[in-house]
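Topology and contacts: notes
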There are 2 protein chains.
Amino acid sequence: MSDLIQKAELAKSGVRELASQTEESKNQALYTIADALVKNRKFILQENEKDVAAARERGESDALIDRLTLTEKRIEDMAEGIRQVVELPDPVGEVLEEWERPNGLNIKKVRVPLGVIGMIYEARPNVTVDATSLCLKTGNAVLLRGSSSAIQSNRAIVRVIHEALRETPLPETAVQLVEDTSRETAGKMLKLNDYLDVLIPRGGAGLIQSVVQNASVPVLETGVGNCHIYIDESADAEKAINIAYNAKTDRPAVCNAAESLLVQRDWAEKHLSGLVEKLQNAGVEIRACERARQLIPGLKAAVEEDWGTEYLDLIISLKLVDDVEEAVAHINRYGTHHSESIVTESQGNAAYFQQQVDAAAVYHNASTRFTDGFEFGFGAEIGISTQKLHARGPMGLPALTSYKYVINGNGQVR
Amino acid sequence: MSDLIQKAELAKSGVRELASQTEESKNQALYTIADALVKNRKFILQENEKDVAAARERGESDALIDRLTLTEKRIEDMAEGIRQVVELPDPVGEVLEEWERPNGLNIKKVRVPLGVIGMIYEARPNVTVDATSLCLKTGNAVLLRGSSSAIQSNRAIVRVIHEALRETPLPETAVQLVEDTSRETAGKMLKLNDYLDVLIPRGGAGLIQSVVQNASVPVLETGVGNCHIYIDESADAEKAINIAYNAKTDRPAVCNAAESLLVQRDWAEKHLSGLVEKLQNAGVEIRACERARQLIPGLKAAVEEDWGTEYLDLIISLKLVDDVEEAVAHINRYGTHHSESIVTESQGNAAYFQQQVDAAAVYHNASTRFTDGFEFGFGAEIGISTQKLHARGPMGLPALTSYKYVINGNGQVR
């Protein structure tokens with residue numbers, strides 16, 4: 001039997017036992033894992049060093065090596081992340097609705113775990129720990145498939161998790177690492193409908209699109225954010241400049257950062273130069289439409305491709321528009337349904353924008369940077385969904401659950 | 001441009017307009033369509049006759065010809081079905097949650113339409129009407145791809161719908177029929193992620209599995225039901241016999257009919273012969289395990305394949321088990337996560353069964369036949385989901401919606 005199928009069977013073998021764990025058992029197991037990671041940090045760091053050395057030898061980028069590298073501090077942060085998940089309420093077992101039918105049948109809609117969650121991710125070993133804690137807290141088993149570049153680190157982490165689980169009531173089978181990191185095996189994992197209830201890809205746009213295009217297992221699509229700030233005619237200049245500046249520069253590499261600025265032409269005539277100056281002073285490269293370049297000479301010209309690009313960098317595209325209708329049409333054409341914001345003092349235009357823009361989070365007078373599990377008050381998240389089925393926007397613990405109908409009768413037949 | 005892409009673009013072109021329709025507009029449009037179908041019944045019947053004649057010529061089965069054939073009565077039933085959808089509450093616009101963050105951001109979780117729904121179905125022209133009414137009521141556009149055997153009927157129905165829509169505020173583009181019914185085009189439709197938000201296959205297990213295996217668009221998997229009745233040691237004999245009989249014989253061709261009977265061995269010694277006799281008197285063929293055949297000589301032997309078969313016919317498999325644990329293990333191995341029932345007077349065993357069985361609907365002392373939108377009180381349904389993401393069990397109107405977060409601030413930045 002292949003490594004993949006063997007691990008998938010192991011993961012599935014424990015799902016019934018996992019689904020019936022109490023919140024206390026699950027929390028205790030999470031604490032045990034957190035402590036074990038810290039206690040075994042030397043072992044994990046030593047194994048991680050092998051991955052880092054191999055990556056250096058292959059001449060990988062500094063960015064990849066940074067994502068790959070663990071430190072004592074990073075291991076402690078991972079453990080702290082697990083303890084934060086312990087603090088979140090357990091959604092499993094919640095009775096979402098209950099009603100009685102005229103024939104006397106009592107119907108309860110009860111939250112249950114999904115079963116086995118397949119995680120496909122890149123070089124960050126911390127995803128191994130994050131995914132494990134969120135899945136275990138919600139009573140799910142997890143089949144982890146990380147990058148080959150992190151295989152020694154992931155093996156070490158999962159070994160520590162297994163040792164910790166042995167001291168708890170949770171089945172050790174609940175966390176499984178696919179050690180065969182070949183592309184062929186990844187392709188097979190996408191088709192494991194008999195074992196996996198959902199696949200969650202975490203990583204760049206290429207990885208996510210490859211999973212979406214090729215998986216037959218249902219996918220939770222996360223992450224790609226070509227987010228816009230639209231500054232309307234009546235926008236307060238200070239709010240508008242602060243919001244655009246924050247959304248672009250606070251953390252450019254994350255999915256809720258702004259990638260494109262749409263500015264109503266009359267507002268632009270009065271205030272655009274101030275905004276451009278502030279962005280340029282922060283080192284932001286602006287790629288502008290022709291009308292904006294006429295207003296502010298010297299800006300680099302945007303090409304068609306810019307409107308659809310998620311830069312994840314200190315670059316922003318800029319387009320002047322006639323009105324909110326043009327802004328909405330542009331966003332619905334080029335956006336990725338993640339986070340979009342209008343800055344305006346017009347309630348009518350705000351309402352129109354929030355109704356018509358097709359995105360997970362639509363803001364009025366606030367930065368797109370708030371689309372985040374912690375900022376929404378959900379706590380740790382498994383990702384930000386940009387699809388419309390199942391879960392949209394920041395996905396907290398309930399996104400890792402399904403429900404079943406539990407129906408009680410006394411002999412009813414049709 | 002191909003017929004498929006042209007229709008997909010038309011469907012998508014109207015989604016923003018559709019999403020902002022009031023409940024009144026949508027209801028008025030549905031009434032107009034219902035009336036138009038009845039008014040134009042001669043035209044529809046005349047076009048349907050072409051499909052039926054062609055099917056006869058090809059030597060199609062009586063069952064297919066029956067599903068394909070329209071009559072005045074069937075058209076009136078379709079119109080009546082639309083009027084029932086009008087009566088259901090419109091879920092769109094519902095504020096599911098609303099809260100305020102410490103920084104003053106107000107967050108609303110608001111129900112919105114999915115966008116464009118792709119329906120792939122077989123020879124029943126009534127699905128064209130059912131899908132249209134459920135999609136329009138929830139503010140969705142629909143891209144219909146029916147069977148080539150029903151193409152004249154579907155064209156006629158969609159032509160009548162378009163004429164009706166022209167008299168309403170809804171965009172005529174909201175309902176689109178793919179007229180190229182080639183297999184190649186169906187394959188392309190499964191990959192239309194830029195146009196479709198979800199695919200819903202309606203039909204036999206072959207069609208559904210082909211869509212699940214090949215689609216990159218998210219799928220709502222419906223329908224296949226290998227449902228079990230488990231009769232526990234303490235089951236009341238009358239309840240058990242009535243429930244098993246009803247679940248098998250009331251309507252054997254539907255997905256919530258029972259396909260397999262698991263009987264605790266002690267109960268079987270006392271009461272199985274009575275149950276078997278009642279089933280046989282109704283013409284049910286029983287395919288039994290070895291132990292059951294020793295108890296009741298003359299029963300046909302079951303083979304391994306029987307445990308996984310959805311007969312959709314007056315056939316049932318029968319297996320004796322030692323206890324509820326064995327029953328649950330069998331169901332979780334062979335079931336399709338649709339509907340499962342335990343008959344028992346033991347609350348403990350009922351609770352164990354309902355907790356451990358992994359299915360959309362898990363019954364205690366009731367027939368599996370109740371898994372149905374009307375029986376649950378939801379009204380008309382788009383299908384019964386056997387997957388765990390997004391929606392499980394009978395899918396009423398809310399299953400055709402998503403949500404967005406609408407966030408209002410006064411200049412907040414991170």
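Residues numbered from 1 in each chain as written. Chains lettered and ligands numbered in written order. Predicted model: local features only at pLDDT ≥ 70, side-chain atom pairs only at ≥ 80, totals over all residues.

**Structural notes on the overall build of chain A**
In terms of helices and strands, chain A carries 17 helices and 16 strands. Projecting the C-alpha coordinates of chain A onto the three principal axes gives extents of approximately 70 × 70 × 35 Å. Here chain A holds 414 residues, and the buried ones make up 54% of them. Across chain A, contacts joining residues at least 24 apart in sequence account for 73% of those joining residues at least 6 apart. (Helix = DSSP H or I, 4+ residues; strand = E, 2+ residues; numbered from the N terminus. Buried ≥ 20, exposed ≤ 12 C-beta atoms within 10 Å, placed from the backbone. Contact = placed C-beta atoms within 7 Å.)

**Here's the deal with the sheet that holds strand E5 (residues 175-177) of chain A**
All names here are of chain A. Read from one edge of the open sheet, 4 strands run E5-E4-E3-E6, paired in parallel fashion. Of all strands in the sheet, those bounded by a partner on one side alone are E5 and strand E6 (198-202). Neighbour-to-neighbour, the strand axes of this sheet turn through a mean angle of 20°, independent of strand direction. In this structure, strand E3 (residues 116-121) lies alongside strand E4 (residues 141-145), joined through 5 bridges in parallel fashion. Considered in E4, the bridge of Ile120 is made with Arg145. (Pairing = 2+ DSSP bridges. Axes fitted to C-alpha atoms, helices over the stretch in contact; angles between N-to-C directions.)

**Re the interface of chain A and chain B**
Taken together, the contact between chain A and chain B spans 56 residues of the former and 56 residues of the latter. At the level of elements, helix H10 (205-214), helix H11 (237-249), helix H16 (347-356), strand E13 (361-366) and strand E16 (401-412) of chain A are the ones that each hand at least two residues to the side of chain A that touches chain B. Counting residues per element, the side of chain A that touches chain B draws most heavily on E16 of chain A, which supplies 11 residues. Grouping the constituent residues of the side of chain A that touches chain B by class yields 22 nonpolar, 24 polar and 10 charged. Relative to strand E16 (residues 401-412) of chain B, E13 of chain A is paired through 5 bridges, and the arrangement is parallel. Along E16 of chain B, the bridge assignment pairs Ala366 of chain A with Gln412 of chain B. (Nonpolar A, V, L, I, M, F, W, Y, C, P; charged D, E, K, R; others polar.)

**Describing the relation of the copies chain A and chain B**
For the match of chain A to chain B, the screw axis carries a shift of 0.0 Å, the RMSD comes to 0.0 Å, and the turn is 180°. Taken together, these values place the two copies in the relation of a two-fold axis. Residues of chain A ranked by C-alpha distance from the rotation axis are headed by His390 of chain A, positioned 1.7 Å from it. A symmetric contact is evident, with 100% of the interface residues of chain A recurring at the interface of chain B. (Least-squares fit on C-alpha atoms with pLDDT ≥ 70 in both.)

**A closer look at the domain arrangement of chain A**
All names here are of chain A. Taken as a whole, chain A is organised into domain 1 (3-222 + 391-408) and domain 2 (227-374). Each of domain 1 and domain 2 has a C-alpha centre, and the two are 35 Å apart. Listed per partner, the contact involves 5 residues of domain 1 and 6 residues of domain 2. For the side of domain 1 that touches domain 2, the per-class residue count stands at 2 nonpolar, 2 polar and 1 charged. (Domains from an automatic or database assignment.)

**A closer look at the environment of Gln347 of chain A**
Residues and elements named next belong to chain A. Mapping Gln347 onto the fold places it in helix H16. C-beta crowding within 10 Å serves as the criterion here: with 11 such atoms nearby, Gln347 is assigned to the exposed category. As for Gln347 and His364, which are separated by 17 residues in sequence, their C-alpha atoms are 9.2 Å apart.

**Examining the environment of Thr336 of chain B**
Residues and elements named next belong to chain B. Note that Thr336 resides in the loop between helix H14 (324-334) and strand E12 (339-343). Accessibility expressed as a C-beta count within 10 Å gives 21 for Thr336, which makes it buried. Residues within four places of Thr336 in sequence aside, it is in contact with Val224, Gly225, Asn226 and Thr386.

**Comments concerning the pairing of strand E11 (residues 315-321) of chain A**
All names here are of chain A. The buried fraction of E11 is high, at 6 of 7 residues. Of the strand pairs in this sheet, strand E8 (residues 258-264) and E11 are connected by 5 bridges, and their pairing is parallel. Directly across from Leu262, in E11, lies its bridge partner Lys319. In terms of strand pairing, strand E9 (residues 285-288) meets E11 through 4 bridges, oriented parallel. Bridge pairing in E11 places Ala288 opposite Leu318.

**Observations concerning the pairing of strand E12 (residues 339-343) of chain A**
Taken residue by residue, a regular strand's side chains alternate between the two faces of the sheet. Residue and element names in this part refer to chain A. Among the 5 residues in E12, 5 count as buried, and that is most of the element. Neither face of E12 is open: one carries Ser339, Ser341 and Val343, the other Glu340 and Ile342, and all of them are buried. When strand E7 (residues 227-231) meets E12, the two strands line up parallel, connected through 4 bridges. The residue bridging Ile231 from the neighbouring strand is Val343, located in E12. Sheet topology places E12 next to E13; 4 bridges connect them, and they run parallel. Its bridge partner lying in E13, Ser341 is registered against Tyr363. The parallel pair E12 and E13 is bridged by H16, and the resulting crossover is right-handed. (Right-handed = clockwise from strand over helix to strand, strands pointing away.)

**Let's talk about the sheet that holds strand E10 (residues 300-301) of chain A**
Taken together, 10 strands build an open sheet; the order of strands is E10(A)-E9(A)-E11(A)-E8(A)-E7(A)-E12(A)-E13(A)-E16(B)-E2(B)-E1(B) and the sheet is mixed. Since the sheet does not close on itself, it has two edges, and those belong to E10 of chain A together with strand E1 (95-100) of chain B, each with one partner. Where E9 of chain A meets E10 of chain A, 2 bridges bridge the pair, whose relative direction is parallel. The partner of Arg287 of chain A across the bridge, within E10 of chain A, is Lys300 of chain A. Along the sheet, helix H15 (residues 324-334) of chain A contacts E7, E8, E11 and E12 of chain A; its crossing angle with E11 of chain A, the most-contacted strand, is approximately 140°.

**Some details on helix H12 (residues 265-281) of chain A**
Residues and elements named next belong to chain A. If you check H12, its first and last C-alpha atoms are 23 Å apart, about what 17 residues at 1.5 Å a residue would give, namely 24 Å. Considering bend angle alone, the principal kink of H12 is centred on His271 and spans about 65°. Trp267, Ala268, Leu272, Leu275, Val276 and Leu279 are the residues of H12 that are buried. Those residues of H12 that are buried are in contact with E7, H11, E8, E9, helix H13 (290-295) and E11. Two residues or fewer after H12 comes Gly283, characterised by a positive phi angle close to 85°. (Expected span 1.5 Å × (residues − 1). Bend = angle between axes of the 7 residues up to and from the residue.)

**Some words on the packing of helix H7 (residues 126-137) of chain A against helix H8 (residues 151-165) of chain A**
Residues and elements named next belong to chain A. Axis separation between H7 and H8 bottoms out at 9 Å; the angle between their running directions is 30°. Crossing of H7 against H8: the hand is right-handed. Of the residues in H8, those touching H7 at Thr128, Val129 and Thr132 are Asn154, Ile157, Val158 and Ile161. Among the residues forming the contact of H7 with H8, the class breakdown is 4 nonpolar, 3 polar and no charged. (Left-handed = near helix turned anticlockwise from the far one by under 90°.)

**Describing the confidence of the model for chain A**
Taken residue by residue, chain A gives an average pLDDT of 96. The fraction at 70 or more is 100%. Overall fold confidence (pTM) sits at 0.93, and the ipTM for the predicted complex is 0.94. (pLDDT = per-residue confidence, 0-100.)

**Structural notes on unusual backbone geometry**
Even without glycine at this site, Leu312 of chain A takes up a positive phi of about 55°. Mapped onto the elements of the fold, Leu312 of chain A is located in the loop between helix H14 (304-307) and E11. By the C-beta count within 10 Å, which is 17 here, Leu312 of chain A ends up partly exposed. A positive phi angle, near 70°, is found at His390 of chain B, a position not held by glycine. Assignment of secondary structure puts His390 of chain B in the loop between strand E14 (383-385) and strand E15 (393-395).

**Observations regarding H8 of chain A**
Between its first and last C-alpha atoms H8 of chain A spans 21 Å; for 15 residues at 1.5 Å apiece the expected length is 21 Å, and the two agree. Looking at the buried residues of H8 of chain A, the elements they touch are helix H3 (23-39), helix H4 (41-57), H7, E4 and E5 of chain A.

**Considerations on the packing of helix H11 (residues 237-249) of chain B against helix H12 (residues 265-281) of chain B**
Residues and elements named next belong to chain B. The contact between H11 and H12 brings their axes to 10 Å, and the two run at 30°. With respect to each other, H11 and H12 are oriented roughly parallel. Viewed along their axes, H11 and H12 form a crossing whose handedness is right-handed. Counted together, Ala237, Ile241, Ala244, Tyr245 and Lys248 of H11 and His271, Gly274, Leu275, Lys278 and Leu279 of H12 form the full contact between these two elements. Here the contact of H11 with H12 is composed, by residue class, of 6 nonpolar, 2 polar and 2 charged. (Parallel < 35°, antiparallel > 145°, perpendicular 65-115°, else oblique.)

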